Amino acid sequence: MTILLSLLLFGLFLQTVEPVDPVALEWFHKGEELIGTDQEDSRQQAEFFEKAVELAPDLAVARFNLALVYIRQERPRLALEQLDELIELDQTDPRGYLLRARLRFEANQLDPAASDLNRALELDPENYQAWQFRGRVHYQRQQYAEAVKAFEAVLERNPSLVEAFFDLALSQQASGQAQEAIKSYQEFLLAFPDDFQAHYLLGLAYRDESQGDLALEQLQIAERIDPSHKELSQELGNLLLDRGDLEEAQMRLLRADPESAANLGNLGIIAKRQGNPAQAESYLQRGLEKEPENTALLIQLGEVLSAQKKEREAVEAYQRVLRYKPRDFGALLNLGTLLFNLDQAKQARRLLEQAVEVNPDDGLANYNLALVLDEAKDFDQAQVRYLKALDHGVDSAHAHFRLTFLWARQGAKDQALEHLQQAFEKEAETYVSLAWEELRQVSSEWDSIRYTDEFSQLLEQYWDRME
């Protein structure tokens, strides 16, 4: 999270009731005189304040300024020593607590930092800087809802601090308040229109809200600001891939990290969609060298191997998936289908039954299982699966044609003729000819329908259309 809180200014005197050693004050003023010069934050300035503190240990302002110099010199341990002493001197001034909270926060000492902030806010509830750091502590603790409240308190106390909208947006985004985060990023960008991080994160917020066009717009703006940002290139590549813009997606993914397993997998998907299974196989194999147990890559590999008629290797890829995830739906479906096509019907049936058990409403799984059951002459179960496949989006002429047989063998004339008409409607050239052949058979499972007037009229109707 970007640190927006600036250091407190020099020269803020803390009240003291005791007379101060005039020599100590002289050293203190020498240190002050270097403010705004090229000696500010120098070793010499630190020495002037150190001498003031040495001569007047109770001179709180000298300790405060010395702590600031140490912070700017990146000497946090010495700064903390001064702040500890400062707070002992005056436990009613919030500034020492606030500055110590900052150092503790930067050292990832979140509990002590939170304690200092609580005390600072007890002393000065309207201190927006204390609220700002409280928000950051909550954010680091992943207490995002509390962080949101703290940053809202910042803006209530200082509405002109537009930078706080960025911290607020981050917290809202992390707490799942995507729409609120979008509004806060937009407020921030009104003041800082060229901020890369805000455009990038706003793009991700739109993406999470399934607003692809707006996400793409913001990510492309971010890309114009910093085209070399690898995480942005990856997000853009993934988004463009989802939108089917394969060449643009490929360019971004290659720019992002061409050797990450995720990107190699996506590059493999692009090559597969471009009709280049050999290149897809190469990308996927490289991805698996980095993540051998990545089941998503293994399933993709199985598909491109099948496309190249490398059935044995495809079977091995799917079997590897099932070793890691025995109930992986994609592997069960694809392996079962592949084995059925390789005439291993018994194994295919077992796998496809498992696939349907995992995802009962998948149309393709039901359809492929129906084919296996049909071939095994388990007609009652095949009929159930064909019907379920049709109910779930597999609008197959073959399924309708087979259901004609399955209903006819039960004497269900109306249902059989309804499915026959559907088969004719979808693929007349294939199924009208097959129906004529069925008429020539001495006996047929269609006996309950083939001698009816409705059947004759249906066959003639579609035969005329073909002519």
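Residues numbered from 1 in each chain as written. Predicted model: local features only at pLDDT ≥ 70, side-chain atom pairs only at ≥ 80, totals over all residues. Heavy atoms only, no water.

Colleague: Is there a simple way to think about the overall build of the protein chain in this case?
Modeller: In terms of regular secondary structure, the protein chain is built from 26 helices and 0 strands. For a compact globule of 467 residues, the expected C-alpha radius of gyration is about 23 Å, and the protein chain comes in at 37 Å, more than 25% above that figure. Each of the three principal axes of the protein chain carries a C-alpha extent, and together these read 125 × 40 × 35 Å. With 467 residues in all, the protein chain has 48% of them scored as buried. A separation of at least 24 residues holds for 51% of the contacts in the protein chain among residues at least 6 apart in sequence. Total accessible area on the protein chain is roughly 23,300 Å²; 46% of this is exposed by carbon and sulfur atoms. Separation between the mean location of the 48 positive side-chain charges and that of the 82 negative ones in the protein chain comes to 5 Å. (Helix = DSSP H or I, 4+ residues; strand = E, 2+ residues; numbered from the N terminus. Rg over C-alpha atoms; globule rule 2.2 N^0.38 Å. Buried < 20%, exposed > 50% of the residue type's maximum accessible area, 1.4 Å probe, protein only. Contact = heavy atoms within 4.5 Å. Areas by Shrake-Rupley, 256 points an atom, 1.4 Å probe, with all protein chains shown as cover. Lys, Arg positive; Asp, Glu negative; His and termini not counted. Charge placed at Lys NZ, Arg CZ, Asp CG, Glu CD.)

Colleague: I tried to follow unusual backbone geometry on my own but got confused; where do I start?
Modeller: Across residues other than glycine, the phi torsion is negative in most instances, and most of the peptide bonds are trans. A positive phi angle is found at Asp41, which is not glycine, with a value near 70°. With respect to the element layout, Asp41 can be found in the loop between helix 1 (22–33) and helix 2 (43–55). Using a relative accessible area of 24% as the deciding quantity, one classes Asp41 as partly exposed.

Colleague: Is there a simple way to think about helix 9 (residues 164–174) in this case?
Modeller: Counting along an α-helix, one turn takes 3.6 residues, and residues three or four places apart therefore face a common direction. Burial runs high along helix 9: 10 of the 11 residues are buried. Taken as a whole, helix 9 has its buried residues at Ala164, Phe165, Phe166, Asp167, Leu168, Ala169, Leu170, Ser171, Gln172 and Gln173. In the core, the buried residues of helix 9 are packed alongside helix 7 (128–140), helix 8 (144–157), helix 10 (178–191) and helix 11 (196–208). After helix 9 finishes, the residue Gly176 shows a positive phi value of roughly 85°.

Colleague: I tried to follow the pattern of salt bridges on my own but got confused; where do I start?
Modeller: Side chains that differ in charge, positive against negative, can pair when their charged atoms come close. Summed over the entire model, instances satisfying the criterion amount to 34 salt bridges. The shortest N-O distance in the salt bridge between Arg136 and Asp167 comes to 2.9 Å. Taken together, the residues Arg136 in helix 7 and Asp167 in helix 9 connect sequence positions 31 residues apart. Judged by relative accessible area, Arg136 falls into the buried class, the value being 0%. (Salt bridge = Lys/Arg side-chain N within 4 Å of Asp/Glu carboxyl O.)

Colleague: What is the right way to read the nonpolar core from this model?
Modeller: Soluble globular proteins tend to pack their nonpolar side chains together in the buried interior. Tyr185, Tyr200, Tyr386, Phe424 and Trp446 are the most contacted members of the largest nonpolar core, which has 125 residues in total. When residues no more than four places from it in sequence are discounted, the contact partners of Phe424 are Tyr431, Val432, Ala435, Leu458, Leu459 and Tyr462. In this structure, Phe49, Leu66, Ala67 and Leu68 belong to the second largest nonpolar core, which totals 27 residues. (Core = buried A, V, L, I, M, F, W, Y, C linked by side-chain atoms within 4.5 Å.)

Colleague: Please explain the confidence of the model for the protein chain as it appears in this structure.
Modeller: Close reading of the predicted structure is inappropriate where its pLDDT is low. For the protein chain, per-residue confidence averages 92 on the pLDDT scale, and residues scoring 70 or more make up 96% of the total. Within the model, pLDDT remains below 50 along residues 1–17, and this stretch shows 57 contacts once partners closer than five positions in the same chain are excluded. (pLDDT = per-residue confidence, 0-100.)

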